[in-house]
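What follows is the residue order along each chain.
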Amino acid sequence: MAEGSGDRRRILIKGGTVVNDTHMSKVDVFCEDGLIKEVGKIGDVPSDTKVIDAAGKWVIPGGIDTHTHMQLPFMGTVAVDDFYIGTRAALAGGTTFLIDFAIPTKGVRPLDAFKQWKGWATPKVCCDYSLHVAITWWSEQVGKDMEVLVKEEGVNSFKMFLAYKDVFQLSDHELIQAFKACKSAGALAQVHAENGDLIAEQSEKMIRLGITGPEGHEMCRPEAVEGEATNRAIVIAHELNCPLYVVHVMSKSAADAIVRAKERGCVVFGEPIAAGLGTDGTNYWSTCWRHAAGHVMGPPLRPDPTTPAYLMDLLANGYLDCTGTDNCTFNANQKAMGKDDFRKIPNGVNGIEDRMSVIWEKGYMTGKLDPCKFVAATSATAAKIFNVYPRKGCIAVGSDADIVVWDGEATRVISAKTHHHAVDFNIFEGMKVHGIPVYVISQGRVCLDNGQLTVEKGVGRYIPRPLHAPHAYERILQRERFCQPKKVEREPYTGPVIQL
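In this report, the structure presented in the accompanying data block is examined. This structure is a prediction, so every number in the text was calculated from the model and none was measured.

### What about the pattern of salt bridges?
1) Next: Scanning all chains against the criterion turns up 29 salt bridges.
2) Next: A salt bridge links E32 to R10, with the nearest nitrogen and oxygen atoms 2.8 Å apart. Here R10 lies in the loop between strand 1 (2–3) and strand 2 (11–14) and E32 lies in strand 5 (residues 28–32), a separation of 22 residues in the sequence.
3) Next: For R10, a relative accessible area of 25% corresponds to the partly exposed category.
4) Next: Between K368 and D313 there is a salt bridge, with its nearest N and O atoms 2.9 Å apart. Note that K368 is positioned in the loop between helix 13 (355–364) and helix 14 (371–385) and D313 in helix 11 (residues 307–316), a separation of 55 residues in sequence.
5) Next: Residues participating in the shared-partner salt-bridge network are D128, R391, K392, D400, D402 and R461.

Now the structure itself:
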């Protein structure tokens, strides 16, 4: 791997098949000054243009990871992939834009958390990024901070936790206030959907039974707990006419709740992640504690081995929408904080480098995703939901020059020994995957060139995201105009009224 600045120069990608979520065609792509300037049959170009031969390859928009936690302070320690290492790993795997989370502890203002996270990220990021903001408590001041964040800082999504009791969890009353604030602003409400009260109760039960290992993590929060919270959040959001985005959909129960809601007409989006599409929760029962603990995340991977294929089927058919990773990495010595009590194992796994290849392997290579649906799942739909389309998630004139030349037939074996993360473990260890980025272009810079990674710390930009994303709000606003409750006009009652 080479370190340093990739040139932001003229680039011609020639001879490949350009794939967007709606169509694909054999055309050339010319980039200049960080933007796509021409798409079509391109002849003469300036002599200093870098020409990339993409014959036999797919030319796709750079990946968008909707869900990361770089250098997250959590459970008494800090995730080891910081914003430099994490975005470097992203580029190595074909992801050119990510949305991380600013997460205040209870009592800390969301605006202060946003400024802290942006201060951490901006000097380090190698690719473009944005920030969701978590709402972990409620007050009038929190509501005012949300107004500032949407109007002045380009935040259009806020995450609420139904889990992590006494840490991040909101009550239903607080959730309602947060959803109302999102709706009023034109922002997207997000939820981590697990029943935190039930998890707290059941985790105590596991400890009483002497179950202290990583299997207890899944056993105290089975998929019914995720399904219940998902359905509850959907009902509340729908009643408030607020669009909802369910992060890290990990189970059939949660996915089915989203499917049923979509069939009822609810405006809800579901985000499966690379871990849930690529592996399963049988790993929690490994007799190797380190292996089992390395898979601990919340919600947990599910022990039903048919779950990944089930989620992929729903993603392929539009019932689930786009993909993230929940990349939040902890080394063995950090996971070992919970060696005698699973409740103390820091929750989190890798994924940002391997997401694109895992989805290609489990989706395209199985015949579930065609190339257009692969682009939808890995970039385009996310760009639409979070309102950065067509700047991101699209190969078109005027779009950012975030492009991947993708070899769908090449293979590699995933391993912690070769990945670009700081973490000493990889949940996909030993998995052979098809689909490798040959070239990765970010902001018009060639960051990956036939395996040679060239990145520069701090060149990534914070990308503000406008409110009222049409993909989320077009139906919401129509319902606001035409589907309001109406009273019944009737003669006033004039009969007797009981005296109490």
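There is more to say, and it comes next.
### Examining helix 1 (residues 83–93)
1) Next: Taking burial as the measure, the 11 residues of helix 1 include 11 buried ones, the bulk of the element.
2) Next: Capping the start of helix 1 is the job of one residue whose side-chain oxygen sits 3.0 Å from the backbone nitrogen of Y84: D82.
3) Next: The positive-phi residue at the C-terminal boundary of helix 1 is G94, with phi of around 105°.

### Thoughts on the pairing of strand 19 (residues 432–442)
1) Next: Among the 11 residues that make up strand 19, 10 are buried, leaving the element largely enclosed by the rest of the structure.
2) Next: Sheet analysis places strand 19 next to strand 20 (residues 445–449), joined by 4 bridges and oriented antiparallel. Its bridge partner being in strand 20, Y439 is matched across the sheet by D449.

### A look at the sheet that holds strand 7 (residues 50–53)
1) Next: Across the sheet, which stays open at both edges, the 4 strands sit in the order 6-5-2-7 with mixed pairing between neighbours. Each of the sheet's edge strands pairs with one partner strand only, and the pair in question is strand 6 (35–40) and strand 7. Across this sheet, the average inter-strand angle for adjacent strands is 15°, counted without regard to direction.
2) Next: Relative to strand 5, strand 2 is paired through 3 bridges, and the arrangement is antiparallel. Directly across from I11, in strand 5, lies its bridge partner C31.

### What to know about the environment of L500
1) Next: Mapped onto the fold, L500 is located in the segment after helix 15 (470–482).
2) Next: As a C-alpha pair, L500 and V225 span 275 residues in sequence and 44 Å in three-dimensional space.

Rules used in this analysis
Residues numbered from 1 in each chain as written. Predicted model: local features only at pLDDT ≥ 70, side-chain atom pairs only at ≥ 80, totals over all residues. Heavy atoms only, no water. Salt bridge = Lys/Arg side-chain N within 4 Å of Asp/Glu carboxyl O. Helix = DSSP H or I, 4+ residues; strand = E, 2+ residues; numbered from the N terminus. Buried < 20%, exposed > 50% of the residue type's maximum accessible area, 1.4 Å probe, protein only. Polar contact = N/O pair within 3.5 Å; in protein donor to acceptor, adjacent residues only side chain to side chain. Pairing = 2+ DSSP bridges. Axes fitted to C-alpha atoms, helices over the stretch in contact; angles between N-to-C directions.

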